[in-house]
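Breakdown of the fold
Residue-level listing of the chains:
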Amino acid sequence: MKRFFKIASAVLLLACPSIALKAQTQSTDESWEQAKKQAQTEKKLIFVDLYFTGCMPCAQMDKEVFPDPKVAAILGADFVTFKSDILKEEIGKKLCMKYGVTGFPTFLVMNSEGKIIDVESGFQSVEQLTALLQKSKENAKKGILKKYSAKDEVYPDFYREAYLNGKRNVPFETVDAYLKAQPSLTAEVPFVIITGLRIGRQYDEFYLKNAKQLYKDYGSSSVNMHVFTILQRKKKEFEKTNDLAGFKKLLDEMKPLYSTEEWTKFERILLKDFGVEKVVTKNPNTEKVVK
C-alpha cells in the first residue's frame, strides 16, 4: 500500500455502487454486532471507517473517494461497511482503544470473524484504497492476519479512561509501572498502550529494536507513525553531537518499513536542515484529536 504516515460510522450498506458511505443516525455496539453478523451471513469482509466531524481528510474521503465507482463497486460486492464518529459514538471510541488509533481517518479491514487483516490511516486516493481492499481480499483468502485478537482485551483503567473518557494526560509513572509488570511488551495490550498514548522516550530504544516485528504483527500504520515520532526525537539527539552519519545509519535501518514513495518524503523531512533550529512540520494527510 501507498501511504505517507496516512493516518479514519451504524452499519453502512451501499444503496448502489456509485454513492458514498453514509452513516445512520448513530453507530452503537448493537449495530457493530449486526455488521459482524451480516459479514458472516454474506461471507464478506468488513470495512470500518473511523472518523470525526471536522476532520478534513475524513471529509475529503467522503467527497472524493467513497463515491468513486471503482471503490463503491468493490465495497458493495465484497465488504460490509461500518462508519463511526469517534468523538460522538461509544463504539468508535472502543474501536480506537482496541487498535490504539491516534490519527484520522483510520480504516480497519477485518474478516467476517472480526480478525484484523490490515489497518490504514490518513487520506487514501482511489488507487490507494482499491489497492488496500484488493490486497486485503487476497490476504484473507491466504489466512494472512494481524496479531490483534478478535475479542476485547483486558485494559488497565488508565488506558480505558484515555480513550473512553478523553483523559489522555496519563502520568508516565503510571504507564511505566504497568508496562514493567508485563511479561512481553510486544503483546497486543502493551503495544497499543505504547503507540496509542505516545509514551515518553524511555521506550524508544525498545520500539526501534522491535519495529520490524511489530510491523509484521500489527501492521504498518501505527508502527510507522510511532517510528517517525521517535526518529524526530532521535534527530535532536544526533544534532547535539552533529552526528549526521550516525543519524543516516539509523534511518537506513528503518527504511524497510516504508514504501519508496513514503521514504522519499520521510527522509527529506528528517534530514532537512539537520542541526538548524526549525519548526515541526505538520502532516497534511492526517488530523489528530486534541482532548
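Note that the coordinates shown come from a computational prediction; the quantities given were computed from them, not determined experimentally.

1. A word on the confidence of the model for the protein
Here the protein averages 88 in pLDDT, while 86% of its residues score no lower than 70. Ranking the elements of the protein by mean pLDDT puts strand β1 (residues 11-12) last, at 31, and strand β2 (residues 45-51) first, at 98. In the model, residues 1-20 has pLDDT below 50 throughout and makes 111 contacts with residues more than four positions away in sequence or in other chains.

2. Structural notes on the packing of helix α11 (residues 220-240) against helix α13 (residues 260-271)
The N-to-C vectors of α11 and α13 enclose an angle of 25°; their axes lie 10 Å apart at closest approach. In terms of orientation, α11 lies roughly parallel with respect to α13. When the axes of α11 and α13 are compared, the crossing they make is right-handed. Counting all contacts with α11, which are made through Asn224, Phe228, Leu231, Gln232 and Lys235, the residues of α13 involved are Glu262, Phe266, Ile269, Leu270 and Leu271. The residue makeup of the contact of α11 with α13, split by class, is 6 nonpolar, 2 polar and 2 charged.

3. Things to note about helix α7 (residues 172-180)
Turning to α7, its buried residues number three or more, namely Val175, Asp176, Tyr178 and Leu179. Relative to the axis of α7, the buried residues are bounded by an arc of 165° and lie together on one face. Seen from the open side of α7, the exposed residues pointing more than 90 degrees away from its buried face are Glu173 and Lys180. Residues of α7 that are buried in the fold lie against α6 (157-164) and α8 (188-197).

4. Observations concerning the packing of aromatic side chains
Evaluation of the coordinates by the stated rule reveals 19 aromatic pairs. For the pair Tyr258 and Trp263, a centre-to-centre distance of 5.8 Å together with 35° between the ring planes defines the contact as tilted. Summarising the aromatic geometry, the rings of Trp263 and Phe266 are spaced 4.6 Å apart at their centres and angled 35° between planes, so their arrangement reads as tilted. Of this pair, Trp263 and Phe266 both sit in helix α13, separated by 3 residues, roughly a single helical turn. Overall, Trp263 belongs to the buried group, its relative accessible area being 5%. In textbook terms, an aromatic cluster arises when at least three aromatic residues are bridged by ring pairs, as seen for Tyr99, Tyr148, Phe191, Tyr207 and Tyr218. A cation over an aromatic ring shows up here: Lys83 above the ring of Tyr51, its NZ or CZ 4.4 Å from the ring centre. The ring of Tyr163 carries the charged tip of Arg168 above its face, separated from the ring centre by 4.6 Å.

5. Some details on the environment of Ser121
Relative to the helices and strands, Ser121 resides in strand β6 (residues 116-121). For Ser121 and Phe107, which are 14 residues apart along the polypeptide, the C-alpha to C-alpha distance reads 6.0 Å. A polar atom in the side chain of Ser121 sits 2.7 Å from the side chain of Thr106. At 2.9 Å, the side chain of Ser121 and the side chain of Ser221 are in polar contact.

6. Examining the pairing of strand β5 (residues 106-110)
For a regular strand, side-chain orientation follows a simple rule: the groups alternate between the two sheet faces. Summarising burial for β5: 5 of the 5 residues are buried, a large majority. Neither face of β5 is exposed, since Thr106, Leu108 and Met110 on one face and Phe107 and Val109 on the opposite face are all buried. Bridging between β2 and β5 involves 5 bridges; their strand directions are antiparallel. Residue pairing across strands places Ile46 opposite Met110, the latter belonging to β5. Relative to β6, β5 is paired through 5 bridges, and the arrangement is antiparallel. For Met110, the partnering residue across the bridge sits in β6 and is Ile116. Hairpin connection, β5 to β6: the antiparallel pair is bridged by 5 residues, and Gly114 has positive phi, about 85°.

7. A short note on helix α1 (residues 29-42)
Between its first and last C-alpha atoms α1 spans 20 Å; for 14 residues at 1.5 Å apiece the expected length is 20 Å, and the two agree. Along α1, the residues classified as buried are Ser31, Trp32, Ala35, Lys36, Gln38 and Ala39. Looking down the long axis of α1, one finds its buried residues gathered within 160° of arc, a one-sided arrangement. Those residues of α1 that are exposed and aimed more than 90 degrees away from the buried face are Glu30, Lys37 and Thr41. One or two residues past the end of α1 sits Lys43, with phi positive at roughly 55°.

So, how was this worked out
Residues numbered from 1 in each chain as written. Predicted model: local features only at pLDDT ≥ 70, side-chain atom pairs only at ≥ 80, totals over all residues. Heavy atoms only, no water. pLDDT = per-residue confidence, 0-100. Helix = DSSP H or I, 4+ residues; strand = E, 2+ residues; numbered from the N terminus. Contact = heavy atoms within 4.5 Å. Axes fitted to C-alpha atoms, helices over the stretch in contact; angles between N-to-C directions. Parallel < 35°, antiparallel > 145°, perpendicular 65-115°, else oblique. Left-handed = near helix turned anticlockwise from the far one by under 90°. Nonpolar A, V, L, I, M, F, W, Y, C, P; charged D, E, K, R; others polar. Buried < 20%, exposed > 50% of the residue type's maximum accessible area, 1.4 Å probe, protein only. Arc of directions from axis to C-beta. Phe/Tyr/Trp six-rings, centres within 6.5 Å; stacked < 30°, edge-to-face > 60°. Lys NZ or Arg CZ within 6 Å of the ring centre and 35° of its normal. Polar contact = N/O pair within 3.5 Å; in protein donor to acceptor, adjacent residues only side chain to side chain. Pairing = 2+ DSSP bridges. Expected span 1.5 Å × (residues − 1).

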